[in-house]
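Letter by letter, the chains look like this.
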Amino acid sequence: MATIAWLIPSLLEGSGGHRTFLQHADYLQQQGHRCSLYVENPEQFSSPNLRKRIKRMFGYDFREVHSGWSNIEPAELVFATVWYSAKVVRDLPFPCIKAYFVQDFKAQFNPMGGGYLMAENSYRYGLYPVTIGRWLPALLDRQFGVAASHFDFCADLEKYRPLSRVRRERAICFIHQPDKPRRCVELGFEALGLVKHWMPEVKIYLYGSKSSARAWFEHENLGLLSLEDCNRLYNRCAVGLCLSSTNPSRVPFEMMAAGLPVVEMYRDNTLYDFPEEAVLLCEPTPESLAQGMKIILASSERAEAMSQAGIDYMANRPLEYGLAQFHATINSLLKGTEPFQQEPAPMYRQLALVAEPRPTGTGAVAAPEPLMDRGRLSFLPPLPRKVVRFFYYRLRRALAAVRI
């Protein structure tokens with residue numbers, strides 16, 4: 001059995017990215033490997049406290065948890081898990097297999113500039129990428145000539161499953177994470193505002209963040225939910241909206257496992273992993289996304305067909321399936337043999353759903369543009385700024401139901 005080191009970024013409560021690589025590190029230690037975690041920001045917590053925090057926040061227990069990336073002990077294999085740890089792994093002074101656990105094309109987390117290009121360079125350091133999903137290997141090969149292995153998006157089918165005693169509502173749930181630009185919160189709000197205008201009876205649930213929602217339409221913000229509560233929400237709703245612009249999120253696959261029809265954006269990054277029978281991909285405009293949700297809400301037959309298709313698709317992708325794919329890649333690397341690499345091809349072959357733009361006359365939603373951003377109010381002291389924002393968003397909600 002091998003010693004495998006993981007360089008992970010600062011812990012972030014509710015982070016799906018942390019949950020994913022910790023889940024895979026835990027699986028390797030269950031198979032007998034020795035996994036050592038090295039956590040960024042050593043000044044914040046001691047190693048024993050980091051171990052406790054990881055167990056409390058994500059439910060995984062690792063015997064070896066270290067503070068910082070400055071004293072990496074020799075290991076047979078070392079994983080970078082974020083773009084700025086890739087250079088640390090590249091420059092390690094001891095011989096080892098240098099790998100890169102890639103969950104997103106993280107260059108796109110930055111505006112085009114130095115940060116973007118430095119993140120891009122992380123794929124040029126000679127580390128071997130192991131990706132979640134099939135789009136990233138296609139992108140890395142096309143853009144950098146880098147070969148990568150992948151494991152499929154899967155779900156914990158013991159947690160994400162249909163619940164017979166939960167009745168579906170005419171409701172939409174939207175993963176609301178304003179601290180993550182790739183989740184496209186503003187675009188999602190505009191689309192949900194249109195649905196709420198066309199179908200006022202439809203409930204809208206936001207979840208995924210402790211932050212308050214700057215939405216002008218009627219909604220319920222559920223905040224951070226446990227995995228069990230997420231599954232109950234997916235069983236209650238009629239449509240799940242999850243937007244991700246840098247790689248699919250794991251959330252739509254968990255929604256499908258629970259039988260929830262999914263609406264997402266039609267982009268290159270969403271074409272490789274989604275089954276067209278269970279997911280509706282729409283042009284990334286508010287009108288098209290809103291039209292996609294409306295179509296599912298208006299047709300119980302289509303909703304039921306998508307629900308069953310999602311359940312059937314995910315039945316072949318339990319969590320253990322993806323973990324076994326990952327484990328096979330690690331074993332190949334440790335043995336010095338070439339890991340299996342499947343040439344990715346798009347799975348979703350339908351055209352994008354495209355709706356007409358909103359008219360400027362009768363029937364358009366009279367919701368004001370979100371002008372009250374933090375920068376425009378920065379001249380005010382904190383308390384008046386808070387009061388102005390409060391009344392501004394109250395006004396937006398009131399105007400959202402008005403027709404021009």
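Residues numbered from 1 in each chain as written. Predicted model: local features only at pLDDT ≥ 70, side-chain atom pairs only at ≥ 80, totals over all residues. Heavy atoms only, no water.

1. Concerning the sheet that holds strand β4 (residues 77-80)
Right, on to step 1. The seven strands lie next to each other as β3-β2-β1-β4-β5-β6-β7, forming an open sheet whose pairing is parallel. Looking at strand neighbours, the two that pair on one side only are β3 (64-67) and β7 (149-151), the edges of this open sheet. Ignoring strand direction, the axes of neighbouring strands in this sheet form an average angle of 25 degrees.
Right, on to step 2. Pairing of strand β6 (residues 128-132) with β7 involves three bridges; the strand directions are parallel. Pairing of T131 across the sheet is with H150, part of β7.
Right, on to step 3. Sitting on the sheet, helix α1 (residues 16-30) is in contact with β1 (3-8), β2 (34-39), β5 (97-102), β6 and β7, with an inclination near 170 degrees to β1. (Pairing = 2+ DSSP bridges. Helix = DSSP H or I, 4+ residues; strand = E, 2+ residues; numbered from the N terminus. Axes fitted to C-alpha atoms, helices over the stretch in contact; angles between N-to-C directions. Contact = heavy atoms within 4.5 Å.)

2. Some points on the nonpolar core
Right, on to step 1. Among the nonpolar cores identified, the biggest contains 125 residues, and W6, F79 and Y234 are the most heavily contacted of them.
Right, on to step 2. If you count residues domain by domain, this core takes at least three from each of domain 1 (3-126) and domain 2 (171-317).
Right, on to step 3. Setting aside residues up to four positions removed in sequence, Y234 forms contacts with Y160, R168, C173, Y207, V251, E254, M255, A258 and L260. (Core = buried A, V, L, I, M, F, W, Y, C linked by side-chain atoms within 4.5 Å. Buried < 20%, exposed > 50% of the residue type's maximum accessible area, 1.4 Å probe, protein only. Domains from an automatic or database assignment.)

3. A look at the environment of Q308
Right, on to step 1. The residue Q308 is located in helix α10 (residues 300-315) in this model.
Right, on to step 2. A relative accessible area of 42% places Q308 in the partly exposed class.
Right, on to step 3. Residues Q308 and P261, spaced 47 residues apart in sequence, show a C-alpha to C-alpha distance of 8.9 Å.

4. So, unusual backbone geometry
Right, on to step 1. For C184, which is not a glycine, the phi torsion comes out positive at approximately 55 degrees.
Right, on to step 2. Here C184 shows up in the loop between β8 (171-175) and α6 (185-198).
Right, on to step 3. C184 gets classed as buried once you look at its relative accessible area, which sits at 13%.

5. A short note on the packing of aromatic side chains
Right, on to step 1. On inspection of all chains with the given rule, the structure shows 24 aromatic pairs.
Right, on to step 2. For the ring pair F105 and F144, a centre distance of 6.3 Å and an interplane angle of 45 degrees mean the geometry is tilted. Taken together, the positions of F105 in the loop between β5 and α4 (114-121) and F144 in helix α5 (residues 135-144) put the pair 39 residues apart, joining distant regions of the chain.
Right, on to step 3. For F105, a relative accessible area of 1% puts it in the buried group.
Right, on to step 4. Relative accessible area serves as the criterion here: at 16%, F144 is assigned to the buried category.
Right, on to step 5. Positioned above the aromatic ring of W198, the side-chain terminus of K294 is 4.8 Å from the ring centre. (Phe/Tyr/Trp six-rings, centres within 6.5 Å; stacked < 30°, edge-to-face > 60°. Lys NZ or Arg CZ within 6 Å of the ring centre and 35° of its normal.)

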